[in-house]
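# Per-entry structural report
Now for the letters of each chain:
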Amino acid sequence: METFSTTPTKTWLKALNMDHIYDVFERHGFTTVGSLKEMRDEDLQLMFSTPNKLKLGEQRVLEARLCALRKENVPLHETETLPLEQASNSGTSVDAHGRNSNIIANKAAEFEVKNQDLSNKLESLQEELHLLQQPVKELEPLGRSATVCGNCHHKGHRNDARHACEYVSCVGFHYCGQKKLHPEHTQKVSDIKRQIKKLEKDIGKAKESLKVVSEFESKSEAYFFQEMTPRLKILDWNRYQNKANLFKDLRILQTAFNCKVPTKSADDKIFLKKRSPA
């Protein structure tokens, strides 16, 4: 099967009618969008010094386009997919299935990271809630009166215009242990409980999404092809250098195993040969 190789850089230059200078970019390793975004004007001058000097108009266009590219917010994982191979009209190459599998794997990894991030936040909030709910011993009274001072929150005296409190102001519930004097503490506990409840729901959704993607990955054609290709090549390296043979036998195994990757065993060679024409 005939394939045609290209790269994002080649496509980008072709759109500028400058694909004739692609060899210079390739020679210096600028074959991905990620590398182009890191390219500087002085790199152009170095790459296209005599005898490969750019025309002034070409140089200005490249400098402007590179500047615009650097400002674009393009995630690198969406551009670093090189080299690309496009199949001819006769069919789809096995490499295309590999790329699809990578997309699925990336999605699964994304959900795993999200789930871990949410779990870390939940753990942090639970620890904070635990500290907030720790019992605090009330302050020792500073007099016989049952009155609680509105300033220092000690019992035994009051804080008013005639008898101003001489002690340091209470700094919070964990100093005096009196919730009724610190509604902000009660509010904070309620807020954290609400956040924990929401995070638990979000984690449940993230786990479900990860489960769905993982199940899809394990059953998908792309994943099956990616996992079974190296195993077939172990059976018969020469036969499976021919992509037509590889693709044909992968299809046969895919049907035989209902698109589920069989467990690899010590008898893999015998096990697969029973279901493969190799």
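Reading the values: rules and limits
- Residues numbered from 1 in each chain as written.
- Predicted model: local features only at pLDDT ≥ 70, side-chain atom pairs only at ≥ 80, totals over all residues.
- Heavy atoms only, no water.
- Helix = DSSP H or I, 4+ residues; strand = E, 2+ residues; numbered from the N terminus.
- Buried < 20%, exposed > 50% of the residue type's maximum accessible area, 1.4 Å probe, protein only.
- Contact = heavy atoms within 4.5 Å.
- Areas by Shrake-Rupley, 256 points an atom, 1.4 Å probe, with all protein chains shown as cover.
- Polar contact = N/O pair within 3.5 Å; in protein donor to acceptor, adjacent residues only side chain to side chain.
- Phe/Tyr/Trp six-rings, centres within 6.5 Å; stacked < 30°, edge-to-face > 60°.
- Arc of directions from axis to C-beta.
- Salt bridge = Lys/Arg side-chain N within 4 Å of Asp/Glu carboxyl O.

### Things to note about the overall build of the chain
For the chain, the helix and strand inventory stands at 11 helices and two strands. Reading the secondary structure of the chain in the N-to-C direction produces β-α-α-α-α-α-β-α-α-α-α-α-α. A burial count over the chain gives 34% of its 278 residues as buried. Taking the intrachain contacts of the chain between residues at least 6 apart in sequence as the baseline, contacts between residues at least 24 apart amount to 60%. Per element, the accessible surface of the chain, about 18,200 Å² overall, is 51% carbon and sulfur.

### Quick notes on unusual backbone geometry
A positive phi angle, close to 70°, is found at His153, a residue other than glycine. Tracing the backbone through its elements, the reader meets His153 in the loop between α6 (94-132) and α7 (173-176). A relative accessible area of 8% means that His153 is categorised as buried.

### Some remarks on the side chain of Asp249
By secondary structure assignment, the location of Asp249 is in helix α10 (residues 243-256). On the accessibility criterion, Asp249 (0% relative accessible area) is buried. Side chain to side chain, Asp249 and Arg239 meet in a polar contact 2.9 Å long.

### Looking at the packing of aromatic side chains
The final tally for this structure, using the stated rule, is two aromatic pairs. With a centroid separation of 5.7 Å and an interplanar angle of 75°, the aromatic rings of Phe225 and Phe247 are classed as edge-to-face. With Phe225 in helix α9 (residues 221-235) and Phe247 in helix α10, this residue pair connects regions lying 22 residues apart in the sequence.

### Focus: helix α1 (residues 8-15)
Every α-helical turn comprises 3.6 residues, leaving residues that sit three or four positions apart pointing alike. Here α1 has its buried residues at Pro8, Thr9, Trp12 and Leu13. An end-on view of α1 places all buried positions within 130° of arc, on one side of the element. Exposed residues on α1 whose side chains face more than 90 degrees from its buried face are Lys14 and Ala15. Once α1 finishes, Asn17 follows within two positions and takes phi at roughly 60°, a positive value.

### A closer look at the pattern of salt bridges
Per the counting criterion, the structure on display carries five salt bridges. For Asp117, the salt bridge is made with Lys121, and the minimal N-O distance between the two is 3.6 Å. Placement of both Asp117 and Lys121 in helix α6 is noted, with a separation of four residues, approximately one turn of the helix. Judged by its relative accessible area of 38%, Asp117 is partly exposed. Where Asp202 meets Lys198, a salt bridge forms, and the shortest distance between an N and an O atom there is 3.0 Å. Residue Asp202 and its partner Lys198 are located together in helix α8 (residues 183-219), separated by four residues, close to a single helical turn.

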